[in-house]
Amino acid sequence: MTTRKRLALFLLCLASFIAVVDTTIVSIALPSMRRELGFTGADAGWILNGYALTFGGLVLLLGRAGDLYGRRRLFVAGLALFGAASLVGGFAWEPWILVLARFIQGVGAAALVPASLSLLTAIFAKGQERNRAIGTYGAMAALGFVVGMVGGGVITEFLGWRWVLFVNVPVALAALLPAPTAIPESRNERAPRSLDLAGALTATSGLGLLIYAISEVPKNGWTSASTLGFGALGTLFMACFVVAERRSSAPLVPLGVLKKPAVVVPNAAIFLQSMVGIAWLYVLTLYIQEVLGHSALRAGLLFIPMTLASVVAAPVAGRLATRLGVRTTASLGLALVAVGLLLMTPMSVGGGLAFVLLGMVVGEGGFMLSNVPLTIVGSGSAGEDERGLAAGLLNTSMQLGNAWGLGVVATVVAAASVALGGEAGSSEALVGGLRWGLYACVGFAVLALPVVLMGLPRSTASKDGE
């Protein structure tokens, strides 16, 4: 690997890392933000939802835009927007300014994340080189989720909540300045330079509404007017999106792409795997802070073993994908995810932390062993000229999986806690509910296994990662 390629890989990984960090780091600082700026209980939720909505709603559109207008151009623009919004958010003096900054951060992330993944597949040759690069990229992305949990507590405790946003600015600048020379431009030269506006509007609106409806489930429930109303409206927009794509001469997402097993299978598996990702962090946070009573700082430090597991496992996953094939590696990873989750079930009010920590390490290692090969397959699933589209689809599947998983597991935890009896709000009932939340996560991982084993064609498991 040349020096220029190493620098490009570092910059792409760094940018993706800060975008992923912001999905978790702000949640730790949320109470401090709410107190200092005077948010009401309901309004504070938009600090998290604003980022999730624009990120999840726009990632497909902006991934495709990179194919048409230049992936490096989109990457640089997204990175600049993300850094600027972080700076504004850190200086926020009114609640609405912070919320607006979070919405804009989400737009920047929706641009730079699919652009970084599609640029990676353009720069690195298919096979061992690309597999190892995606392994490194996957390590940084997974690290972002966990570092958000650790860093959020540490930064808020010692520097204050504003620094969870300010810290993005020097990182964004460090990636932004060398990017134009270190990263070559890449785009689909054969595609018309016109964006399907009807498809863009309906897809963005539909995805945003669906993500919002599901993200509100833990608060409102599945049968609330809000959940059903926004869910139905989102579904209607997605139906309009399908109609628009059928009629368009240059569709945002050619519907034929969605019929390919090479596209459907990795995206379905990533969706199911992502249902575990945020959901088990939700379970772990409740157990460590609500049941065991640890502070945000100490809770963050307890995630360090999980962080180390992701750093070690992701590069290994890239090598195994080359030697064993993506199907075998992903299946092994999903099995380890299920084992890790089951190891955590002895949790109790009086102890069980050792089992939880062991399960976190095993589960996170398995998560990376499955995530990296599925990313290898999914990132190239739509063809070499539509790398941005493939990256956009993959990240959309992740965002939807995160939202669905959290909604389902939060519901299971709440219902099981009540069904198991005990006094309202008792720790024993909560632990029982959390245990059933882990069982639900096991179910997601188990459902993903046959998708991988039976859905991926034999050629997909070849040594070149196809």
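Nothing here was measured: the structure is a model prediction, and the numbers come from that model.

Visitor: I keep staring at the overall build of the protein and nothing clicks. Help me out?
Guide: Check the secondary structure of the protein and you find 19 helices and zero strands. Scaling as 2.2 N^0.38, a compact globule of 466 residues should have a C-alpha radius of gyration of about 23 Å, and the protein matches this with 21 Å. If you line up the protein on its principal axes, its C-alpha atoms span 65 × 50 × 45 Å. For the protein, buried positions account for 57% of its 466 residues.

Visitor: Honestly, the environment of Val217 in this entry has me stumped. Any pointers?
Guide: In this fold, Val217 is placed in helix 11 (residues 217-220). On the basis of relative accessibility, which here comes to 2%, the residue Val217 falls in the buried class. Here Val217 is in contact with Trp222, Thr227, Gly407 and Thr411, once residues within four sequence places are set aside.

Visitor: Help me out: how do you make sense of the packing of helix 1 (residues 3-21) against helix 8 (residues 168-176) in this one?
Guide: Axes are the key here: two packed helices are described by the angle between their axes and the distance separating the axes. Close contact between helix 1 and helix 8 brings their axes to 9 Å; oriented N to C, the two are set at 155°. On the basis of their axis angle, the class for helix 1 and helix 8 is roughly antiparallel. Crossing of helix 1 over helix 8 shows left-handed handedness. Residues Leu11, Leu14 and Ile18 of helix 1 lie in contact with helix 8, whose contacting residues are Asn168, Val171, Ala172, Ala174 and Ala175. Looking at the contact of helix 1 with helix 8 residue by residue, the class counts come to seven nonpolar, one polar and no charged.

Visitor: What's the story with the environment of Val283 in this structure? I'm lost.
Guide: Mapped onto the elements, Val283 comes out in helix 13 (residues 261-291). Those residues within four positions of Val283 in sequence are excluded, and the remaining contacts are Met347, Val409, Leu434, Gly437 and Leu438.

Visitor: What am I meant to see in the packing of aromatic side chains here?
Guide: The relative placement of two aromatic rings is captured by the distance of their centres and the angle of their planes. Under the definition given, this model contains six aromatic pairs. Plain terms: the ring middles of Phe91 and Phe166 are 4.9 Å apart, the flat faces sit at 65° to each other, and that makes the pair edge-to-face. Of the two residues, Phe91 sits in the loop between helix 4 (71-90) and helix 5 (95-123) while Phe166 sits in helix 7 (residues 163-166), which places them 75 residues apart along the sequence. With centroids separated by 5.3 Å and ring planes inclined at 75°, the aromatic side chains of Trp163 and Phe166 adopt a geometry described as edge-to-face. Of the two residues, Trp163 and Phe166 are both situated in helix 7; the distance of three residues between them amounts to about one turn of the helix. On the basis of relative accessibility, which here comes to 42%, the residue Trp163 falls in the partly exposed class. Ring-pair connections join several aromatic residues into one group, and the members of that group are Phe91, Trp163 and Phe166.

Visitor: Where do I start with helix 17 (residues 353-379) in this structure?
Guide: An α-helical turn contains 3.6 residues, so a residue and the one three or four places further along point in the same direction. An ideal rise of 1.5 Å per residue puts 39 Å on 27 residues; helix 17 measures up with 37 Å between its terminal C-alpha atoms. For helix 17, the tally of buried residues reaches 20 of 27 residues, placing the bulk of the element in the interior.

Visitor: What am I meant to see in the nonpolar core here?
Guide: Nonpolar side chains tend to gather and get buried jointly when the protein is soluble and globular. Counting residues in hydrophobic clusters, the biggest one holds 129 residues, and the most contacted among them are Phe75, Leu79, Leu98, Ile183, Phe303 and Leu341. The element contributing the most residues to this core is helix 13, with 14 residues.

Visitor: So what exactly am I meant to see when it comes to a nonpolar patch on the surface here?
Guide: On the surface, a nonpolar cluster with roughly 380 Å² of combined accessible area is contributed by Leu81, Trp96, Leu100 and Ile104. If you tally residues by element for the nonpolar patch, the top one is helix 5, at three residues. Along the polypeptide, Ile104 turns up in helix 5. The class of Ile104 is partly exposed, set by a relative accessible area of 32%.

Visitor: Teacher, can you tell me more about helix 18 (residues 387-419) here?
Guide: Between its first and last C-alpha atoms helix 18 spans 47 Å; for 33 residues at 1.5 Å apiece the expected length is 48 Å, and the two agree. Remark: Gly421 follows helix 18 within two positions and exhibits a positive phi of approximately 80°.

Visitor: Can you help me understand the packing of helix 5 against helix 18 in this one?
Guide: Their axes nearest at 8 Å, the elements helix 5 and helix 18 cross at an angle of 130°. Taken together, helix 5 and helix 18 sit at an angle that is classed as oblique. Our pair here, helix 5 against helix 18, has a crossing hand that is right-handed. On helix 18, the residues touching Val113, Pro114, Leu117, Ser118, Thr121 and Ala122 of helix 5 are Arg387, Gly388, Ala391, Gly392, Leu394 and Asn395. Residue classes in the contact of helix 5 with helix 18 are distributed as six nonpolar, five polar and one charged.

Visitor: Got a minute to help me understand the pattern of salt bridges in this structure?
Guide: Pairing of side chains with opposite charge becomes possible as their charged atoms draw close. Here the structure, examined in full by the defined rule, presents one salt bridge. Residues Glu36 and Arg162 are paired through a salt bridge, measuring 3.0 Å at the closest nitrogen-oxygen approach. With Glu36 in helix 2 (residues 25-37) and Arg162 in the loop between helix 6 (128-158) and helix 7, this residue pair connects regions lying 126 residues apart in the sequence.

Visitor: Quick question: what am I supposed to make of the side chain of Thr396 here?
Guide: Looking at where Thr396 falls in the secondary structure, it is placed in helix 18. For Thr396, a relative accessible area of 8% translates into the label buried. Beyond its immediate sequence surroundings of up to four residues, Thr396 is in contact with Val59, Leu60 and Leu207.

Analysis parameters
- Residues numbered from 1 in each chain as written.
- Predicted model: local features only at pLDDT ≥ 70, side-chain atom pairs only at ≥ 80, totals over all residues.
- Heavy atoms only, no water.
- Helix = DSSP H or I, 4+ residues; strand = E, 2+ residues; numbered from the N terminus.
- Rg over C-alpha atoms; globule rule 2.2 N^0.38 Å.
- Buried < 20%, exposed > 50% of the residue type's maximum accessible area, 1.4 Å probe, protein only.
- Contact = heavy atoms within 4.5 Å.
- Axes fitted to C-alpha atoms, helices over the stretch in contact; angles between N-to-C directions.
- Parallel < 35°, antiparallel > 145°, perpendicular 65-115°, else oblique.
- Left-handed = near helix turned anticlockwise from the far one by under 90°.
- Nonpolar A, V, L, I, M, F, W, Y, C, P; charged D, E, K, R; others polar.
- Phe/Tyr/Trp six-rings, centres within 6.5 Å; stacked < 30°, edge-to-face > 60°.
- Expected span 1.5 Å × (residues − 1).
- Core = buried A, V, L, I, M, F, W, Y, C linked by side-chain atoms within 4.5 Å.
- Patch = residues over 30% accessible without salt bridge, like charges linked within 9 Å, V, L, I, M, F, W, Y side chains within 5 Å.
- Areas by Shrake-Rupley, 256 points an atom, 1.4 Å probe, with all protein chains shown as cover.
- Salt bridge = Lys/Arg side-chain N within 4 Å of Asp/Glu carboxyl O.

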